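Residue-level listing of the chains:
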Amino acid sequence: MVSPNAVFTEIVTTTFRNHRKTIADNVSKHNALYRKMQGSGRTRKEDGGYSIVTPLEYAMNGTYQRYSGFDVLNIAQSDVFTAAEYNWRQIAINVVSSGYELRVNSGPQRIANLAKSRIRNAIHTFANNFSSDMYSDGTLPNQIGGLQNIVSDAGTGTVGGINSTTNPFWQSIVQSAAAPLQGGGGITPSGAQGVMESLMLPLFMQLTRNNDKPNMIVASNDYYQFFEAGQVTLKRYTNAEEADAGFMALAFHGVPVFFDGVSGMPAAHMYFLNTNYLELVVHSDANMTIMEDVKPYNQDAVVVPVLWMGNFVCSNRSLQGTLKA
């Protein structure tokens, strides 16, 4: 007779392997940013390496020269590239059951129900926590660096091993909304018409360089309300696909503005993102990968670890911005 442990492990392992896309979809339903990254192909697998290295183009080629006839040309080497280096961050979530639970739920259907309930809980837990991590400042132990790190409130800080105070090219752009939105007794959503867009436009223009411009704006609860209140006469909604996915989204100069306030995003913030320079990098051997089950030597239980390893990386901070109080 096959032991309940073996049946439980097999069901958990098979279910996770067969539903890896479901797990990713579940995370994306909690987080508009994650959905955009996946939908635009901004996730990348790496096979290894001590760290995640992202090349950066930080300067212009200094040999550009207008010349005439036999003028001597400038053939000096131009130092135009550097690299940001991000540490690997690891996440583990374990599907666990005690020996007692396995034995009282013996029988194929009971074991299957027990395994599925544990899997649902693990998926929801990963989705909620990873969503918060994507907006975090990365200061918790072993946490990925989220938007509060990459697009910090001050626009400075050290990201990817590069100190942006001594390397200004690596600073993100900040637009303060404190005076018109919080000053003078504050402003209600109903009184926000025109005010929010007047703050958004300068930041949007500063982040637009030729064909490069923000392709996604994510807003906290309060700022989305301010923005929507300014659309009283003409609400410019984005495509039906986003609405069908459960996301509230209007448009600003053709760029979708998402309400993402339940994803761990801080209040009084609006992030203007160019996701062409953002990537979610994962290790190919730890991408919600199921490991061999473990039986603790001093406990009557079975543990099935599920591992993720990677980080949230940026290759151009100067094209990312935040509107904040």
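Residues numbered from 1 in each chain as written. Predicted model: local features only at pLDDT ≥ 70, side-chain atom pairs only at ≥ 80, totals over all residues. Heavy atoms only, no water.

Chemist: Explanation requested: the overall build of the chain in the structure shown.
Modeler: Of the regular secondary structure elements, the chain holds 10 helices and 14 strands. Each of the 325 residues in the chain was classed as buried or not, and the buried ones make up 44%. Restricting to contacts in the chain with at least 6 residues of sequence separation, those with at least 24 account for 75%. When the accessible surface of the chain is totalled, it reaches about 16,700 Å², and 51% of it is carbon and sulfur. (Helix = DSSP H or I, 4+ residues; strand = E, 2+ residues; numbered from the N terminus. Buried < 20%, exposed > 50% of the residue type's maximum accessible area, 1.4 Å probe, protein only. Contact = heavy atoms within 4.5 Å. Areas by Shrake-Rupley, 256 points an atom, 1.4 Å probe, with all protein chains shown as cover.)

Chemist: What should I look at first to understand the pairing of strand S12 (residues 278-290) in this one?
Modeler: Along any regular strand, the residues point their side chains to alternate faces of the sheet. Most of S12 is tucked away: 11 of the 13 residues are buried. Examined bridge by bridge, S12 and strand S13 (residues 301-314) share eight bridges and lie antiparallel to one another. In the sheet register, Val282 faces S13, and the bridge partner there is Gly310. (Pairing = 2+ DSSP bridges.)

Chemist: Teacher, can you tell me more about the sheet that holds strand S10 (residues 255-259) here?
Modeler: Whenever strands of a sheet pair, they do so through backbone hydrogen bonds, lying parallel or antiparallel. Read from one edge of the open sheet, six strands run S7-S14-S11-S8-S10-S9, paired in mixed fashion. Looking at strand neighbours, the two that pair on one side only are strand S7 (173-176) and strand S9 (249-252), the edges of this open sheet. Here the average twist between neighbouring strands, direction ignored, is 20 degrees. Relative to strand S11 (residues 269-273), strand S8 (residues 216-219) runs antiparallel, the two sharing four bridges. If you follow Ile217 over to S11, its bridge partner there is Phe272. On top of the sheet, helix H9 (residues 221-229) reaches S8, S9, S10, S11 and strand S14 (321-324); it is set at about 60 degrees to S9, its chief contact. (Axes fitted to C-alpha atoms, helices over the stretch in contact; angles between N-to-C directions.)

Chemist: Which parts of the structure should I look at to understand the packing of helix H8 (residues 195-206) against H9?
Modeler: Axes are the key here: two packed helices are described by the angle between their axes and the distance separating the axes. One can describe the packing of H8 onto H9 by two numbers: an axis separation of 7 Å at closest approach and a directional angle of 105 degrees. Taken together, the axes of H8 and H9 lie roughly perpendicular to each other. Residues Met196, Glu197 and Met200 of H8 form the contact with H9, whose participating residues are Tyr223, Phe226 and Phe227. Looking at the contact of H8 with H9 residue by residue, the classes come out as five nonpolar, no polar and one charged. (Parallel < 35°, antiparallel > 145°, perpendicular 65-115°, else oblique. Nonpolar A, V, L, I, M, F, W, Y, C, P; charged D, E, K, R; others polar.)

Chemist: Even after reading the chapter, I still don't get the environment of Ile217, so can you show me in this structure?
Modeler: The residue Ile217 is located in strand S8 in this model. Between the alpha carbons of Ile217 and Met270 there is a distance of 6.8 Å; along the sequence they are 53 residues apart. Contacts of Ile217, omitting those with residues within four sequence positions, involve Met200, Phe252, Val255, Pro256, Val257, Phe258, Met270, Tyr271 and Phe272.

Chemist: Looking at this model, I keep getting lost on the confidence of the model for the chain. Mind explaining?
Modeler: When pLDDT is low, close inspection of the predicted coordinates is not appropriate. Per-chain confidence: the chain averages 81 in pLDDT, with 78% of residues scoring 70 or above. Mean pLDDT across the elements of the chain bottoms out in helix H10 (residues 240-244) (49) and peaks in helix H6 (residues 147-150) (96). (pLDDT = per-residue confidence, 0-100.)

Chemist: Can you walk me through the packing of aromatic side chains in this structure?
Modeler: Within a pair of aromatic rings, the relevant descriptors are the distance that separates the centres and the angle that separates the planes. Counted by the stated rule, this structure contains eight aromatic pairs. An angle of 85 degrees between the planes, with centres 5.6 Å apart, marks the rings of Phe204 and Phe252 as edge-to-face. Linking Phe204 in helix H8 with Phe252 in strand S9, this pair joins segments that are 48 residues apart in sequence. Assigned by exposure class, Phe204 and Phe252 land together as buried. Cluster of aromatic residues (ring-pair linked, three or more members): Phe126, Phe130 and Trp308. (Phe/Tyr/Trp six-rings, centres within 6.5 Å; stacked < 30°, edge-to-face > 60°.)

Chemist: Could you clarify how one ought to interpret the pairing of S14 in this entry?
Modeler: Burial of the side chains of S14 extends over both faces: Gly321 and Leu323 are buried on one face and Thr322 and Lys324 on the other. Sheet topology note: the S7/S14 ladder contains four bridges and is parallel. Paired with Val174 across the strands is Thr322, a residue of S14. Alignment of S11 against S14, held across four bridges, turns out to be antiparallel. Bridge pairing links Phe272 to Gly321 in S14.

Chemist: How should helix H3 (residues 32-39) be read in this particular structure?
Modeler: Every α-helix winds through 3.6 residues per turn, so residues three or four apart in the chain are directed the same way. Those residues of H3 that sit buried are Ala32, Leu33, Tyr34 and Met37. The positive-phi residue at the C-terminal boundary of H3 is Gly41, with phi of around 70 degrees.

Chemist: Please explain the pattern of salt bridges as it appears in this structure.
Modeler: Side-chain pairing between opposite charges can occur once the charged atoms of the two side chains come close. With the rule as written, the count across this model stands at six salt bridges. The network of salt bridges with common partners includes Arg42, Arg44, Glu46 and Glu279. (Salt bridge = Lys/Arg side-chain N within 4 Å of Asp/Glu carboxyl O.)

Chemist: Would you mind going over the sheet that holds S12 with me for this structure?
Modeler: Across the sheet, four strands lie side by side as S1-S12-S13-S4; this open sheet has mixed pairing. The two strands at the open ends of the sheet, each matched to only one other strand, are strand S1 (43-46) and strand S4 (89-98). Direction aside, neighbouring strands of the sheet carry axes that sit 30 degrees apart on average. In terms of strand pairing, S1 meets S12 through four bridges, oriented parallel. When the bridges of S12 are listed, Arg44 appears paired with Val281. Across the sheet, H3 lies against S1, S12 and S13, angled at about 90 degrees from S12, the strand it touches most. Relative to S4, helix H5 (residues 108-134) is tilted by about 155 degrees, and along the sheet it contacts S4, S12 and S13.

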